[in-house]
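Coordinate analysis (summary)
Below, each chain spelled out in residue letters.
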Amino acid sequence: MKSMKKIYIGNMSFSTTEERLLELFSKFGEVSSVTIKKDQFSELSKGFGFVEMADDNAAIDAVSSLNGKEIDGRKVRVSEAVERTERNVQDRRRFFEKKKNMASNFKKGRNDFDNSNEF
């Protein structure tokens, strides 16, 4: 038995539906699940989602065929999903905190912020 492959779809049109993703990914093989992430209050799409496919080869074909393609008016990013770990969550927090600080310093007219390539 082959393992399930989870695929990330980003930069989606807010009008893209789970049914539309199912239709697109089913062309490559069996789709186990489709989820579009939604705002918990408004229930509107956040513009990204996940598809799980039963076969690794089908998933690889779907990723390579659909990445960068226009779907519902937007060029989507399609890649293998990466599980969240405590480390990559902390890295993201540091990255966005640094961006926030740089923007704040820029707005204040400071040129002394760090231009390092840490990320």
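Quick caveat: nothing in here was measured; it's all calculated off a predicted structure.

Here's the deal with the packing of aromatic side chains
- Overall, the coordinates contain three aromatic pairs when judged by the stated rule.
- Between Tyr8 and Phe48, the aromatic rings sit 6.1 Å apart at their centres with planes inclined by 35 degrees, giving tilted as the arrangement. A residue pair is termed long-range when its members are at least 10 positions apart, and Tyr8 in strand β1 (residues 5–10) and Phe48 in strand β3 (residues 45–53) qualify at 40 residues.
- Classification of Tyr8 as partly exposed rests on a relative accessible area of 24%.
- For the ring pair Phe48 and Phe50, a centre distance of 6.1 Å and an interplane angle of 90 degrees mean the geometry is edge-to-face.

Let's talk about the pairing of strand β2 (residues 31–38)
- Across six bridges, β2 lies against β3 in antiparallel orientation. Paired with Ser33 across the strands is Glu52, a residue of β3.
- Counted along the chain from β2 to the antiparallel partner β3, the turn is six residues long, and its residue Glu43 has a positive phi close to 65 degrees.

Rules and cut-offs
- Residues numbered from 1 in each chain as written.
- Predicted model: local features only at pLDDT ≥ 70, side-chain atom pairs only at ≥ 80, totals over all residues.
- Heavy atoms only, no water.
- Phe/Tyr/Trp six-rings, centres within 6.5 Å; stacked < 30°, edge-to-face > 60°.
- Helix = DSSP H or I, 4+ residues; strand = E, 2+ residues; numbered from the N terminus.
- Buried < 20%, exposed > 50% of the residue type's maximum accessible area, 1.4 Å probe, protein only.
- Pairing = 2+ DSSP bridges.

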